[in-house]
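Residue strings, one per chain:
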Amino acid sequence: MNDAPTRSSAPAATGPRRSVELDADEALRLLAGVPLGRIVFTRQALPAIRPVNHIVDDGQIVIRTHESGALVLSTREAGSRGVVVAYEADDIDMTTRLGWSTVVTGYCHPVTDPDDLARYERLLTPWSDQTMDQVVRIRPDLVTGIRLVEAG
């Protein structure tokens, strides 16, 4: 059985597209409106990318992960300064080729406050069946985004 996602058989748009810069507030608002993104961090001196679900809380991106995850290990090694990460999310229609993409760059820290941990465990249900017993929070230092619109 093939579990690959199906693609629309509708013809794809062929006209040119234009990229419009988003301001930081709009980019973060759009990111908050989708449940899935990709976190980019360094693992053994190489870039690593993982798809994760998230919430945006008070302007910060919050994700749950597991105790032995590479991201958790990186944040622990970095100590109080945190570890630099990038977080990307998008919503681009494959048929019309219209949509948006955002990238947040900032420091990632483990969440250690018991009240915050309990709150995020209620608000954020992992998509994976793996035990996700750790929570990390990304404080954005740079938020960028683009919207793909029809040219003309």
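On a predicted model such as this, the values are computed, not experimentally measured, just so you know. (Residues numbered from 1 in each chain as written. Predicted model: local features only at pLDDT ≥ 70, side-chain atom pairs only at ≥ 80, totals over all residues. Heavy atoms only, no water.)

### Considering the overall build of the protein chain
Here is step 1 of the chain: Scanning the protein chain for helices and strands turns up 3 helices and 8 strands.
Here is step 2 of the chain: When the elements of the protein chain are put in sequence order from the N terminus, they spell out β-α-β-β-β-β-α-β-β-α-β.
Here is step 3 of the chain: Sequence-distant contacts, at least 24 apart, represent 72% of the contacts inside the protein chain between residues at least 6 apart. (Helix = DSSP H or I, 4+ residues; strand = E, 2+ residues; numbered from the N terminus. Contact = heavy atoms within 4.5 Å.)

### Topic: the side chain of Thr102
Here is step 1 of the chain: Position of Thr102 among the secondary structure elements: in strand S7 (residues 99–110).
Here is step 2 of the chain: The contact partners of Thr102, leaving out residues within four places of it in the chain, are Ala27, Leu31, Tyr87, Glu88, Ala89, Thr144 and Gly145.

### Concerning the pairing of strand S3 (residues 46–53)
Successive side chains on a regular strand alternate, one facing one side of the sheet and the next facing the other.
Here is step 1 of the chain: Relative to S3, strand S2 (residues 36–43) is paired through 8 bridges, and the arrangement is antiparallel. Among the inter-strand pairings, Arg43 is bridged to a residue of S3, identified as Leu46.
Here is step 2 of the chain: Once S2 ends, the chain turns through 2 residues before running back antiparallel as S3, passing Gln44 with a positive phi of about 50 degrees. (Pairing = 2+ DSSP bridges.)

### So, the environment of Ala32
Here is step 1 of the chain: Here Ala32 shows up in helix H1 (residues 24–32).
Here is step 2 of the chain: Taking the C-alpha atoms as reference, Ala32 lies 6.4 Å from Ile55; in sequence the two are 23 residues apart.

### So, the pattern of salt bridges
Here is step 1 of the chain: A complete count under the given rule lists 7 salt bridges for this structure.
Here is step 2 of the chain: Among the salt bridges present, the one from Arg147 reaches Glu26, with a minimum N-O distance of 3.1 Å. Of this pair, Arg147 sits in strand S8 (residues 134–150) while Glu26 sits in helix H1, and the two are 121 residues apart along the sequence.
Here is step 3 of the chain: Arg147 sits in the partly exposed class, given a relative accessible area of 27%.
Here is step 4 of the chain: For Glu26, a relative accessible area of 22% corresponds to the partly exposed category.
Here is step 5 of the chain: Residue Glu88 is joined to Arg38 by a salt bridge in which the shortest nitrogen-to-oxygen separation is 2.5 Å. Of this pair, Glu88 sits in strand S6 (residues 83–92) while Arg38 sits in strand S2, and the two are 50 residues apart along the sequence.
Here is step 6 of the chain: Residue classification places Glu88 among the buried residues on the basis of a relative accessible area of 16%. (Salt bridge = Lys/Arg side-chain N within 4 Å of Asp/Glu carboxyl O. Buried < 20%, exposed > 50% of the residue type's maximum accessible area, 1.4 Å probe, protein only.)

### Digging into H1
Here is step 1 of the chain: Listing the buried residues of H1 in full gives Ala27, Leu28, Leu30 and Leu31. Across the axial projection of H1, the buried residues extend over an arc of 160 degrees, all falling on one side.
Here is step 2 of the chain: Check the buried side of H1 and you find it contacts strand S4 (55–57), strand S5 (60–65), S6, S7 and S8. (Arc of directions from axis to C-beta.)

Functional significance is not addressed by these values, which are geometric in nature.
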